[in-house]
Amino acid sequence: MYEHREKKMDQVKRKGSKTVAGIPPELLEQLNRGEIETANLVEWLAIDSSILLQTVLEQCDRTDYLPATLAAIAALKKPTITLRNATIGELLLQQATTAKDEKLFSILSHHPADMVRCWATYMIGLHPTYSPLEKLNAIQAFAADTHFGVRETAWMAVRPTIIANLSLSLETLLPWTLNADENIRRFATESIRPRGVWCAHIEILKNNPALALPLLENLRNDPAKYVQDSVANWLNDASKTQPDFVRNLCAQWLKESNTKATTYIVKKAMRTIDK
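Just so it is clear, the structure is predicted and the values come from calculations on it, not from any experiment. (Residues numbered from 1 in each chain as written. Predicted model: local features only at pLDDT ≥ 70, side-chain atom pairs only at ≥ 80, totals over all residues. Heavy atoms only, no water.)

Topic: the overall build of the chain
Helix and strand counts for the chain stand at 17 helices and 0 strands. Relative to a compact globule of 275 residues, whose C-alpha radius of gyration would be 19 Å, the chain shows 20 Å and is just as compact. Considering only C-alpha atoms, the chain reaches an extent of 60 × 40 × 35 Å along its principal axes. For the chain, with 275 residues in total, the buried portion stands at 52%. The long-range share in the chain, meaning contacts at least 24 apart out of those at least 6 apart in sequence, stands at 66%. (Helix = DSSP H or I, 4+ residues; strand = E, 2+ residues; numbered from the N terminus. Rg over C-alpha atoms; globule rule 2.2 N^0.38 Å. Buried < 20%, exposed > 50% of the residue type's maximum accessible area, 1.4 Å probe, protein only. Contact = heavy atoms within 4.5 Å.)

Next up, the structure:
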């Protein structure tokens, strides 16, 4: 139904507008109809998710899911885009479960619109019967998505599960740091950042960052800048509560692995300490 995989990379490379007002009307219509992916955060924030939701449900002949989902969105007191996406994913999950609709998740997870695939990530993260391991295994495909928005939403969708099951999550994510896909390697650290962005902090890792040391060690010389930035940001998070841990670890890394990648990670990791 949706032949988006072949087109996805070209769409992501399209240069997006710097302002919502600068988005051409015809392009915004395409985004709201779910025909193309967003090119940047500005476009992502410009989408009317209610219009997109209606279009998607009409496409797959599931308009009976629309009233309850729109009502839940309207009831939000602070309808941020993250909360709207989570609410849509949760309501669609509830209704699909009640209707024994086993196809909806597949439709959403393979949709050409990146925001629609984001809804699918929350269907995983909020699934009431999935075990923590099942959620992490299911989210990996979205961690590898070629679109930045889906990858970011993927870790946010399962972060509550990770926090509530930290030991299991660290054990499960460790092999991900050796995956051939840099997006999956990056997920392993980004999803467990002690502080993170737009998400709950992980107090245990803020106080005891050494718990994540096996994952960090595997990535200290990663060739991908995308991964390097995540590792550095992880350590920068930790430096705000455990500066000695970060200072000592960075010194050790430079001594044992004084490569371009490690040097870059250390410099960025130490930015708060060095102020």
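Comments concerning the pattern of salt bridges
Evaluation of the coordinates by the stated rule reveals 16 salt bridges. Of the charged contacts in the structure, one is a salt bridge between Arg 117 and Asp 145, with a shortest N-O distance of 2.9 Å. A residue pair is termed long-range when its members are at least 10 positions apart, and Arg 117 in helix H8 (residues 114-125) and Asp 145 in the loop between helix H9 (132-143) and helix H10 (148-164) qualify at 28 residues. Of the charged contacts, one joins Glu 203 and Lys 206 as a salt bridge, the two residues approaching to 3.3 Å between their closest N and O atoms. Residue Glu 203 and its partner Lys 206 are located together in helix H13 (residues 203-207), separated by 3 residues, close to a single helical turn. (Salt bridge = Lys/Arg side-chain N within 4 Å of Asp/Glu carboxyl O.)

Here's the deal with the packing of aromatic side chains
Under the criterion given, the structure shown has 2 aromatic pairs. Taking 6.1 Å as the distance between ring centres and 65° as the angle between the ring planes, the aromatic pair formed by Phe 105 and Phe 142 counts as edge-to-face. Of this pair, Phe 105 sits in helix H7 (residues 104-109) while Phe 142 sits in helix H9, and the two are 37 residues apart along the sequence. Given a relative accessible area of 30%, Phe 105 falls into the partly exposed group. (Phe/Tyr/Trp six-rings, centres within 6.5 Å; stacked < 30°, edge-to-face > 60°.)

Regarding the packing of helix H4 (residues 49-59) against helix H6 (residues 81-98)
Helix packing geometry: the angle between the two helix axes and the distance between the axes. Close contact between H4 and H6 brings their axes to 11 Å; oriented N to C, the two are set at 30°. With respect to their mutual orientation, H4 and H6 come out roughly parallel. The hand of the H4/H6 crossing is right-handed. Of H6, the residues touching H4 (which contributes Ser 49, Ser 50, Leu 53 and Leu 57) are Arg 84, Ile 88 and Leu 92. For the contact of H4 with H6, the per-class residue count stands at 4 nonpolar, 2 polar and 1 charged. (Axes fitted to C-alpha atoms, helices over the stretch in contact; angles between N-to-C directions. Parallel < 35°, antiparallel > 145°, perpendicular 65-115°, else oblique. Left-handed = near helix turned anticlockwise from the far one by under 90°. Nonpolar A, V, L, I, M, F, W, Y, C, P; charged D, E, K, R; others polar.)

Focus: unusual backbone geometry
Phi at Asp 61 is positive, roughly 60°, even though this residue is not glycine. Positionally, Asp 61 belongs in the loop between H4 and helix H5 (66-74). Owing to a relative accessible area of 67%, Asp 61 belongs among the exposed residues under this scheme. Positive phi values are uncommon outside glycine, yet Trp 198 reaches one of about 55°. Locating Trp 198 in the fold gives a position in the loop between helix H12 (182-190) and H13.

Here we look at helix H2 (residues 25-32)
Turning to H2, its buried residues are Leu 27, Leu 31 and Asn 32. Buried residues along H2 cover an arc of 135° about the axis, so they all sit on one side. For H2, the exposed residues lying more than 90 degrees away from the buried face are Pro 25 and Glu 26. (Arc of directions from axis to C-beta.)

Topic: the packing of H5 against H6
At a closest axis distance of 9 Å, the pairing of H5 and H6 adopts a crossing angle of 150°. As far as their axial angle goes, H6 and H5 are roughly antiparallel. Of the two possible hands of crossing, H5 and H6 adopt the one that is right-handed. Where H5 approaches H6, its residues Ala 68, Thr 69, Ala 72 and Ile 73 are matched on the opposing element by Arg 84, Thr 87, Ile 88, Leu 91, Leu 92 and Gln 95.

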